[in-house]
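One letter stands for each residue in the lines below.
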Amino acid sequence: MSKGLKSRKKQRLIVLSTAVAALVGAVLLVLFALGGDSLSLFLQPSSVLEKKIQAGQRFRLGGLVQDGSFKKLEDGLTYKFVVTDCAADIPVQFKGLLPDLFREGQGVVTEGALDATGTFMADTVLAKHDENYTPKGTMPKNVEACEHPEKAAGY
Amino acid sequence: MHRFANPAQFNRLADKILPWAIAITVITLVVGLYYALFASPEDYQQGSSVRMMYVHVPAAWMAMFVYGVLAVSGFVALVWKHPLALISGKAAAPIGAVFTLLALITGSLWGKPMWGTYWEWDGRMTSVLVLFFFYLGYMALWQGIEDEDKAGKATSILALVGVVNLPIIKFSVEWWNTLHQPASVMRLDGPTIHTDMLIPLLTLAVAYKAYFVVVFLWRMKLEINERKISALAQAANVKVHHYGG
Amino acid sequence: MTAAVKSTGVFWAVVRRDIKLAWSQGGTGTMALSFFLIAVSLFPFGVGPEPQMLARIAAGVIWVVALLACLLSLDRLFQADFEDGSLDDLALSPIGMMGIAAAKTLAHWISTVLPLVVMAPLLAMLMQLPNEGYLFLVVSLLIGTPALSLFGAIGAALTVSVRRGGVLMSLLVLPLYIPTLIFGVGAVDAVILSADPTPHLALLGAVTLVGIVVSPFATAAALRLSLE
């Protein structure tokens, strides 16, 4: 009887310590994952230049559309703009329909590859609205974003 | 007998609350909708389509709130074996599912002018969709197990497993979304919603809550009465069988 | 002391028994594996054989089909033992219902899911997965798939007394698989898109650890309920 009780206690201890160890492990893993700054599938312009990515290698480029850089070419379908993370810029060329929320000074993620001249030839452009709901006219312009690059890069 | 003593008390309490809840629902719904549709300002980027927010956002809140109700009643049902808690999950789940569906439909209608498409795998929309799947599973499990007591306990276990997992799922979906779409690159400090827009939003949130209370109490009473009837029928059957045999 | 030794013995005996059953005639092991093979090779017919297209979706397709193959094999996890009454006997064993649940889940992973992981590189080749993705495909499957067995066991236990409970089980279990799928595919995609896969793997491991904590407990509770 006492033997059975002891083994049951022991079992409970095993179960409990396994559970605690697993939970601690899970928390540590999450902290590790969120602690680094590499938790994304897209690269910002400065890390693209840093990594010296080859022309033709596909990747995702994310950042802000630089104010005043947006141009439409003569054919009316091709667009040129500059994606910046305020530390480095990469010119982007895209042919197709831009999303409604694509605006200068707003965030964008593009997918494609660099060509020989260092222009990013994108075949997909994604934009997202910025989750601020404010009446017309009360919204300050976006100049701040580039004065505080760490905020702008707050992915 | 104590099984029925408690529900009888509940019925009396419910009858007291119901008229108030109905009144609050009607008033806040009318006032809230007036503000939302006519008296509130347009958004600086979205124009009038922002009005969809007032219907959409409280529905999404309710979708989560009702899941909380399921989880709490599941916990109470398993730990204290309270008979009302076994029923309350069953009463609340379809209401939660309807709110979740409402959030999905209004979100999709809102998405059309905003994203240019009815469905976008946006982080929030996707997690609401998963929540909807959860409600479907919960209700299907209630229907799948014939024994009401067992069904109540099984769904309670499911609801509790969901409580652990839904935050993980929500986190993973939002994160997946920021990998595949840009996060909101620019965020201002302070409240991201203007006061003029907050008032109708909160009024409608109250309206939804009160509506939930009304339907929930109705469904609870219905469920209690149904059980009474089936218990009576069972007793009657036993008697008939006894005389016949 | 002898009692403790005995209970670990019981645990491994259950694991061995279930692995043997899975690979005996009519077991789930071969079934899941052939489903995995056939279902993945259907995708080129569906989306076209262009290598670029296939390479883009390879990791996602392999992960999704592995997940479905695992699901397919789960609905019999407890059902046979429940129907022939051996679950009642197992419940009385010295390791308790929680130990039985853990042992059967482990056996399911070893017998049914591990072969899928071994098979994955072959299918990755058919799907034109870029070379740098292979290693992390296997690593992500090794870290992530235990969560599939663990969360699947909860659904299997909840629906054990339901006639034709397979569909109901998928409804309960599939939402629980979403995080594993996202982080698993994320790790492979990160390598292919020249980003760092380790944070993805860390989160994948965290989900599996949460499964280890939650699953035996919930599965045992659900099984006890069905025996009431």
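Keep in mind that what you see is a predicted model, and the values were worked out from it rather than measured.

1. As for the packing of aromatic side chains
For step 1, the next point in the chain: Overall, the coordinates contain 12 aromatic pairs over all chains when judged by the stated rule.
For step 2, the next point in the chain: Residues Phe-99 of chain B and Tyr-211 of chain B carry aromatic rings whose centres are separated by 6.1 Å and whose planes lie at 90° to one another, so their mutual orientation is edge-to-face. One end of the pair, Phe-99 of chain B, is in helix α3 (residues 83-115); the other, Tyr-211 of chain B, is in helix α6 (residues 195-244), with 112 residues separating them in the sequence.
For step 3, the next point in the chain: Arranged with centres 5.3 Å apart and planes meeting at 85°, the rings of Phe-11 of chain C and Trp-12 of chain C form a pair that is edge-to-face.
For step 4, the next point in the chain: We classify Phe-11 of chain C as buried; its relative accessible area is 18%.
For step 5, the next point in the chain: Among the aromatic side chains, those forming a connected cluster through ring pairs are Phe-65, Phe-212 and Phe-216 of chain B.
For step 6, the next point in the chain: Taking NZ or CZ as reference, Lys-209 of chain B lies 4.6 Å from the ring centre of Phe-65 of chain B, over its face.

2. With respect to the interface of chain A and chain C
By a widespread convention, an interface's size corresponds to the accessible area lost as its parts come together.
For step 1, the next point in the chain: Counting residues at the interface gives 26 residues for chain A, matched by 28 residues for chain C.
For step 2, the next point in the chain: Carbon and sulfur atoms supply 69% of the area buried between chain A and chain C, which totals about 2000 Å² over both sides.
For step 3, the next point in the chain: Scanning the region where chain A abuts chain C turns up one salt bridge.
For step 4, the next point in the chain: A salt bridge links Glu-111 of chain A to Arg-56 of chain C; the shortest N-O distance between them is 3.9 Å.
For step 5, the next point in the chain: Elements represented by at least two residues in the side of chain A that touches chain C include exactly α1 (2-35) and β2 (58-65) of chain A.

3. Some remarks on unusual backbone geometry
For step 1, the next point in the chain: A positive phi is found at Lys-81 of chain B, a non-glycine position, where the angle reads about 50°.
For step 2, the next point in the chain: Within the element layout of this structure, Lys-81 of chain B appears in the loop between α2 (52-79) and α3.
For step 3, the next point in the chain: Residue classification places Lys-81 of chain B among the exposed residues on the basis of a relative accessible area of 57%.
For step 4, the next point in the chain: A positive phi angle is found at Gln-128 of chain C, which is not glycine, with a value near 60°.
For step 5, the next point in the chain: Relative to the elements of secondary structure, Gln-128 of chain C occurs in the loop between α6 (96-126) and α7 (134-158).
For step 6, the next point in the chain: The class of Gln-128 of chain C is partly exposed, set by a relative accessible area of 39%.

4. Some details on the nonpolar core
For step 1, the next point in the chain: Ranked by internal contacts, the top residues of the largest apolar core, which has 131 residues, are Phe-212 of chain B together with Phe-36, Leu-137, Leu-158 and Tyr-177 of chain C.
For step 2, the next point in the chain: In contact with Phe-36 of chain C, other than residues within four places in its own chain, are Ile-62, Val-65, Ala-66, Ala-69, Leu-116, Met-119, Ala-120 and Leu-123 of chain C.
For step 3, the next point in the chain: Counting residues in hydrophobic clusters, the runner-up holds 20 residues, among them Phe-59, Tyr-79, Phe-102 and Ala-122 of chain A.

5. Things to note about the environment of Ala-23 of chain B
For step 1, the next point in the chain: Within the secondary structure, Ala-23 of chain B is located in helix α1 (residues 2-39).
For step 2, the next point in the chain: As a C-alpha pair, Ala-23 of chain B and Ala-59 of chain B span 36 residues in sequence and 20 Å in three-dimensional space.

Cut-offs and rules
- Residues numbered from 1 in each chain as written.
- Chains lettered and ligands numbered in written order.
- Predicted model: local features only at pLDDT ≥ 70, side-chain atom pairs only at ≥ 80, totals over all residues.
- Heavy atoms only, no water.
- Phe/Tyr/Trp six-rings, centres within 6.5 Å; stacked < 30°, edge-to-face > 60°.
- Helix = DSSP H or I, 4+ residues; strand = E, 2+ residues; numbered from the N terminus.
- Buried < 20%, exposed > 50% of the residue type's maximum accessible area, 1.4 Å probe, protein only.
- Lys NZ or Arg CZ within 6 Å of the ring centre and 35° of its normal.
- Contact = heavy atoms within 4.5 Å.
- Buried area = accessible area lost by both parts, 1.4 Å probe.
- Salt bridge = Lys/Arg side-chain N within 4 Å of Asp/Glu carboxyl O.
- Core = buried A, V, L, I, M, F, W, Y, C linked by side-chain atoms within 4.5 Å.

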